[in-house]
Amino acid sequence: MADDNSAIIDLRKVCMAFPKRSGEPLLVLDDIDVSIRAGEFLGLLGRSGSGKSTLLRIAGGLIRPTSGNVLYRGAPLIEPAEGIAIVFQTFALFPWLTVLENVEAGLDALGLPREEARQRAEAAIDLIGLDGFQSAYPRELSGGMRQRVGFARATATRPDLLLMDEPFSALDVLTAETLRADFLDLWVEHQLPTKSVLMVTHNIEEAVLMCDRLIVLSSNPARIAAEIPVTLPRPRNRLDDEFGNIVDNVYAVLTARTIASLGALKQAREGVAQPLPRASVNRMSGLIEILAAPPHDGRAELETLASSLSLEVNDLFPLAEALHILEFAEIKDGALRLTAAGNVFARSNTDERKRLFKEHLLQFVPLAAHICRVLREREARQAPRMRFEVELEDHFTHQDAESTLRAVTAWGRYAELFAYDDEARTFALIENPA
Amino acid sequence: MEHHAEVLSRGLWRQRPANWRDLAALVLIVAGILLIGSGARQMLAPFPAAQQPEISLSPGVLPNYALRTTMRMLAALVASFIFTFTYGTLAAKSRRAEMVLIPLLDVLQSVPVLGYLSFTVVFFVALSPNRALGVELAAIFAIFTSQAWNMAFSFFQSLRTIPYDLDEASRGFRFSGWQRFWRLEVPFAMPGLIWNTMMSMSGGWFFVVASEAIAVGDLHVALPGIGSYVARAIEARDLAAVGWAILAMTVTIFIYDQLLFRPLVAWADKFRYEQTASAVAPRSWILDLFRRTSLLRTAGESIGAMTQAAARARLSPRIFSRPHAGRKIPSRLLDVVWYGLALVAVVYLGVVLLRFAGAQLSWGDVVDVIGDGGITLLRVAVLIVIASVIWVPIGIAVGLRPAVAEKVQPVAQFLAAFPANLLFPLAVYLIVRFDLSPVIWLSPLMILGTQWYIVFNVIAGASAFPNDLEEAAKTFRIHGWRWWRDVMLPGVFPYYVTGAITASGGAWNASIVSEVVSWGPTKLDGGGLGAYIARMTAAGDFPRIALGIAVMSILVVGTNRLVWRPLYAYAERRTRLD
């Protein structure tokens, strides 16, 4: 179906920055070069918050990059253009329009005659397997059917470039699998009236299953960490050795980047400005216990853990990273290995765990130590949360500052290091923990 | 299964045989057109101010009077919608316009309806001196001022909370401004808008007497309508006529509800943004009737197709372009100029006002008005507390019994819509009869009509109270005061606050008609700011009307900002679990 090998869209040296509280720019995307050729199915992989969705919106003309160029069919892209359609993670269907009307709404901008619009919409509905649901409202449909409407609405416009923003991540496992298979069938058989696809995902297996080429993004700021071609013949089998190798490879790239950036952060800013992953103590304890027990006996591949616990990368990585930061475990070569302290933690009772956690928190999370120091320096042994918010927002976005503070609050409360009053929004030192 | 049947017939022209429903619907439509036409003709009739037609007290005229009152309400409603779509859109799409328009709306909302009337009636009458139209316009405008503000607010707020993904989808699929307005913005705002329209309607009924029987200074006009009928009945001390008016009003509101609002609410259910099917979908027999007719439905479909085509057109006036949020960094210089202009305008108007008022007002007036304001403020506060103490436990008791709640809820909503001031003459009669003190006994009238908002909101809150929490409380045998404090009161608190905000706003507005009440030649004056404004309006003393209104606006906006909004924010924060 590819008429030639030229690029449909070309992102050149794209950078994106958002203003911090101080007004200084905070770099989110750094110098990204991506180009998508006709007939290509490109996957964009990265951790949540790595900026991959921002990149997709830049490619769709919804956001203008801070610097760099986006060329669509050779001309600069400054706003959403004809020939680019988006499938959203949250479906983004209009609840007050029926299935048919939703699909037709996607064609509104083309100014087609009514009859032709109707025919095109019906054809797309038919192709995507929604026949019989034309007059249903989205709220009557299951999640899978809703996303089919999303696909139909996008493909009815016959786009050159179909942008898909984590299209399967809001669906349950079974539904997602069915939808993926159906979509792939249509794509492989060239039945979709679309020339190329860019899919953003955090699901590594999904990316390897579907795409021709993967671009892996690192985080904070996002750079291209690796570009991995997937030349496996279709239909692909998850149990193939080669399939597994590519998945391993992606895991290794993602974790290597994580470790490198963690190390660099610790050194560069003495750690106070280290973004902390949102990981609850309960889940961390659970993961430590599972790691310590057979069959893992202290060490497991992340990929194995993810599939045996049916955790998405998005859920597993923050946990692994938190354990790594707290030095209860170590991430290395795509595997997670318990440290000596981690093993002790697994065998301890509640009080001992708390004591151990507190020690590690103070020693390895400079922000926790910093909060304690500030509280101790103050007469009232109290400090407003705002004080730390402002400090953190010098280094990262409001969202990152917020989630880091929430993480350290939860950990500090568990360790009985400090208390936090959400009404007054103040931290208070716990002087003599029982 | 209905869907599939419809799918099969789609696109094919199929002659649908007429059925009995067509006949019923046709009767409704033709009757509606005739009535509207007759009402409109009467509005354009000659109406010399010197020799106005006498307002009759015979019950036989009431149907016609009710029709004319209803027409005014409808006209005002149409005007309110036009205002809402333009004002709300402008405020939501331009940051600079918002800076001016939204605070302005806040104040407009707090100005009592009579305030507008006293200043505008002369203008409207001058527009068309010898026809009823001028006075009609004045009355319609007065009703409009009791409806438009909260509708515009609701629309504005909906525009500002459009879900991110739908916004991106509309931009991604390159909707023009016009398409976006009809496809996304209006539908998304619809449920809130309809709810507010119903509230507005209640407000309009409440002021129907004041807006039909206009008495400002020397100008006395009485337009034929239920309001004037009541005014005349009060003048003539005719208790039976008051009874007839109450009956006519009840029937009118009931018909309005059945023919207009039920169908609207049932129809608007599809605009709810939540993706879950609602537990109990609102229904309306009239909507069902029209949906099941066959011939009319075919006709309706072609009209529907036409409006669809209109919504799909790409027309693109600039005003409809998408909201300013996140578009581009605004230029500082223009901001400064804009702020500067706004400031100059405010200062200029302030000076004009001071000059105008300063010549006729003294500091003594200001002190008097503030004292009166204090009295009314005290009344509102005490009444809200009393109403809460009485109605919250009752509302909870009702709400926890679904079978009872189902029956009581519509009654409470009806009572909220019913203009309580029609009952005032009865109260005056009793006060005079038993020689009670008007300062105390006129007060309850303020909250007579608005207490129902507390009732039905609390009932709604108690009905929505999570079952598992109720069971948990039972399991742990939480009883008595602890049950109220730890379980139930926090559970209904957000609902209660919503109701109490509306009730207190309504009470302020009602103070003007309830602090001075007359019965024939007997006039009871309870004192307070409402009484002050009413007295000054009757005397046509514009500087003092303005002063009274200004103080009332300040008090209302002040209580909203200092009491209700913080309470509301607190309720939202504390009852959330994530």
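> Where do I start with the overall build of chain A in this structure?
If you tally the helices and strands in chain A, you get 15 helices and 16 strands. A globule of 434 residues ought to have a C-alpha radius of gyration of about 22 Å, and chain A, at 24 Å, matches this closely. Each of the three principal axes of chain A carries a C-alpha extent, and together these read 75 × 50 × 40 Å. Here chain A holds 434 residues, and 42% of them are scored as buried. A separation threshold of at least 6 residues defines the contact pool for chain A, and within that pool the share at least 24 residues apart is 70%.

> What am I meant to see in the interface of chain A and chain B here?
One frequent convention defines the size of an interface as the accessible area lost when the parts assemble. In this assembly, 24 residues from chain A lie in contact with 27 residues from chain B. When grouped by side-chain class, the residues that make up the side of chain A that touches chain B number 13 nonpolar, seven polar and four charged.

> How should I be thinking about the pairing of strand S1 (residues 7-19) of chain A in this particular structure?
Looking along a regular strand, one sees side chains alternate from face to face of the sheet. Residue and element names in this part refer to chain A. Bridge analysis of S1 against strand S2 (residues 25-37) gives nine bridges, and the strand direction is antiparallel. Note on S2: the bridge partner recorded for Ala7 is Arg37. Connecting the antiparallel pair S1 and S2 is a turn made up of five residues, with Gly23 showing a positive phi of about 95 degrees. Summarising the sheet, S1 and strand S4 (residues 67-72) pair through five bridges and their orientation is antiparallel. For Leu11, the partnering residue across the bridge sits in S4 and is Val70.

> Help me understand the domain arrangement of chain B in this model?
Residues and elements named next belong to chain B. Taken domain by domain, chain B comprises domain 1 (19-271 + 281-330) and domain 2 (361-574). Each side of the interface is counted separately: domain 1 has 31 residues, and domain 2 has 27 residues. With six residues, the single largest contributor to the side of domain 1 that touches domain 2 is helix H12 (residues 239-268). Its residues placed into classes, the side of domain 1 that touches domain 2 shows 22 nonpolar, five polar and four charged.

> Could you clarify how one ought to interpret the sheet that holds strand S7 (residues 161-165) of chain A in this entry?
Each strand in a sheet pairs with another by means of backbone hydrogen bonds, the pair being arranged parallel or else antiparallel. Residue and element names in this part refer to chain A. Pairing is mixed across the open sheet formed by six strands, whose spatial order is S6-S7-S8-S3-S9-S10. For this open sheet the edge positions go to strand S6 (84-87) and strand S10 (224-229), each flanked by a neighbour on one side alone. Taking the axes of each pair of neighbouring strands and ignoring which way they run, one obtains an average angle of 15 degrees across the sheet. Here five bridges tie strand S9 (residues 213-217) to S10, and the two strands are oriented antiparallel to one another. Considered in S10, the bridge of Leu217 is made with Ile224. Lying on the sheet, helix H1 (residues 52-59) is in contact with strand S3 (41-45), S7, strand S8 (196-201) and S9; it crosses S8 at an angle near 155 degrees. Taken strand by strand, helix H4 (residues 143-156) contacts S6 and S7, and its axis lies near 180 degrees from that of S6.

> Whenever I open this one, the domain arrangement of chain A confuses me. Can you help?
All names here are of chain A. Taken domain by domain, chain A consists of domain 1 (7-252) and domain 2 (281-429). Listed by partner, the interface residues are 14 residues for domain 1 and 13 residues for domain 2. The leading source of residues in the side of domain 1 that touches domain 2 is helix H7 (residues 241-268), at four residues. Considering only residue class, the side of domain 1 that touches domain 2 consists of six nonpolar, four polar and four charged.

> I keep staring at the nonpolar core and nothing clicks. Help me out?
Buried together is how nonpolar side chains tend to be arranged in soluble globular proteins. Residue and element names in this part refer to chain B. Grouped together as the largest cluster of nonpolar side chains are 258 residues, with contacts concentrated most on Ala245 and Val458. Of the residues forming this core, the biggest block, 14 residues, is contributed by helix H23 (residues 480-514). If we ignore the near neighbours within four places in the chain, the residues touching Ala245 are Ile226, Tyr229, Val230, Ala233 and Leu422.

> I tried to follow the sheet that holds strand S15 (residues 418-421) of chain A on my own but got confused; where do I start?
All names here are of chain A. With respect to topology, three strands assemble into an open sheet ordered S14-S16-S15, the strand pairing being antiparallel. Only two strands of the sheet have a single partner each, and these edge strands are strand S14 (382-384) and S15. This sheet shows a mean twist of 25 degrees between the axes of neighbouring strands, independent of strand direction. Where S15 lies against strand S16 (residues 426-429), four bridges are found, and the strand directions are antiparallel. Considered in S16, the bridge of Phe418 is made with Leu429. Each of S14 and S16 touches helix H14 (residues 385-393); the most contacted strand, S14, lies at about 55 degrees to it.

> Help me out: how do you make sense of the confidence of the model for chain B in this one?
Residues and elements named next belong to chain B. Summarising the model, chain B shows a mean pLDDT of 80, and 85% of its residues fall at 70 or more. A low-confidence stretch, residues 1-15 (pLDDT under 50), is modelled with eight contacts involving residues beyond four sequence positions or located in other chains. Note on residues 322-328: pLDDT is under 50 here. Beyond four places in sequence and across chains, it has nine contacts.

> What should I look at first to understand the packing of helix H3 (residues 62-93) of chain B against helix H9 (residues 177-206) of chain B in this one?
Geometry of a packed helix pair, given as the angle between the helix axes and the separation of the axes. Residues and elements named next belong to chain B. Relative to each other, H3 and H9 sit at 135 degrees, their axes nearing to 11 Å. In terms of orientation, H3 lies oblique with respect to H9. In the packing of H3 onto H9, the handedness of the crossing is right-handed. Contact residues: Met73, Ala76, Leu77 and Ser80 in H3; Thr197, Ser200, Met201 and Gly204 in H9.

Basis of the calculations
- Residues numbered from 1 in each chain as written.
- Chains lettered and ligands numbered in written order.
- Predicted model: local features only at pLDDT ≥ 70, side-chain atom pairs only at ≥ 80, totals over all residues.
- Helix = DSSP H or I, 4+ residues; strand = E, 2+ residues; numbered from the N terminus.
- Rg over C-alpha atoms; globule rule 2.2 N^0.38 Å.
- Buried ≥ 20, exposed ≤ 12 C-beta atoms within 10 Å, placed from the backbone.
- Contact = placed C-beta atoms within 7 Å.
- Nonpolar A, V, L, I, M, F, W, Y, C, P; charged D, E, K, R; others polar.
- Pairing = 2+ DSSP bridges.
- Domains from an automatic or database assignment.
- Axes fitted to C-alpha atoms, helices over the stretch in contact; angles between N-to-C directions.
- Core = buried A, V, L, I, M, F, W, Y, C linked by C-beta atoms within 7 Å.
- pLDDT = per-residue confidence, 0-100.
- Parallel < 35°, antiparallel > 145°, perpendicular 65-115°, else oblique.
- Left-handed = near helix turned anticlockwise from the far one by under 90°.

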